[in-house]
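Next come the chains, spelled out residue by residue.
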Amino acid sequence: MKNILIVEDHEEMQILYGAFLKKEKDLNIQHQAKSGEEALEALKKYRPDLIIVDITLPEMSGIEFTRRAKKIFPHSKILVVSGYDTDLNLSKAMEAGADKLITKGDISRIIEEAKKLLFGD
């Protein structure tokens, strides 16, 4: 069982992640945070295998969260999701330590990419 921390400020997206991830017997949502600060505290407590983080968060961007999270717990895989697919976002996310950046459009693809990061191809 692999544990996941979701960092998403929109409740609708949190519900959607929950609905899809509950179907996966080998994945477990440990915690859902609405901000980068809340997620950093959760990271220390839960030490997840994977973090799915929205690039646009209040107060602290997903990029800044990724940078800080990798310093605290470098072994967690980080999947950054963005509503906008740009090379600039990809570059910034990867420089911050993200393992992958994908667009939010297709939740099943997000789950597929999460599983690839955790279990390989």
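One can find the structure itself at the top, above this paragraph.
Just so it is clear, the model here is predicted, and its values are computed rather than measured.

Explain the sheet that holds strand E2 (residues 27-33) to me, using residue names and the numbers behind them.
Read from one edge to the other, the open sheet built from five strands follows the order E2-E1-E3-E4-E5, with strand pairing classed as parallel. The open sheet has two free edges, formed respectively by E2 and strand E5 (100-103), since each of these has just one partner strand. Averaged over all pairs of adjacent strands, the angle between their axes in this sheet comes to 25°, without regard to strand direction. Here strand E1 (residues 2-7) pairs with strand E3 (residues 50-54) via four bridges, running parallel. Paired with Ile6 across the two strands is Ile52, which belongs to E3. Running at roughly 135° to E2, helix H2 (residues 36-46) makes contact with E1, E2 and E3 of the sheet.

Mind laying out the environment of Lys115, listing which residues take part and the relevant values?
Relative to the helices and strands, Lys115 resides in helix H5 (residues 107-119). Sequence-wise, Lys115 and Glu24 are 91 residues apart; in three dimensions their C-alpha atoms are separated by 9.6 Å. In this structure Lys115 touches Glu24, Asp26, Leu27 and Gly120, once residues within four positions along its chain are discounted.

Rules used in this analysis
Residues numbered from 1 in each chain as written. Predicted model: local features only at pLDDT ≥ 70, side-chain atom pairs only at ≥ 80, totals over all residues. Heavy atoms only, no water. Pairing = 2+ DSSP bridges. Helix = DSSP H or I, 4+ residues; strand = E, 2+ residues; numbered from the N terminus. Axes fitted to C-alpha atoms, helices over the stretch in contact; angles between N-to-C directions. Contact = heavy atoms within 4.5 Å.

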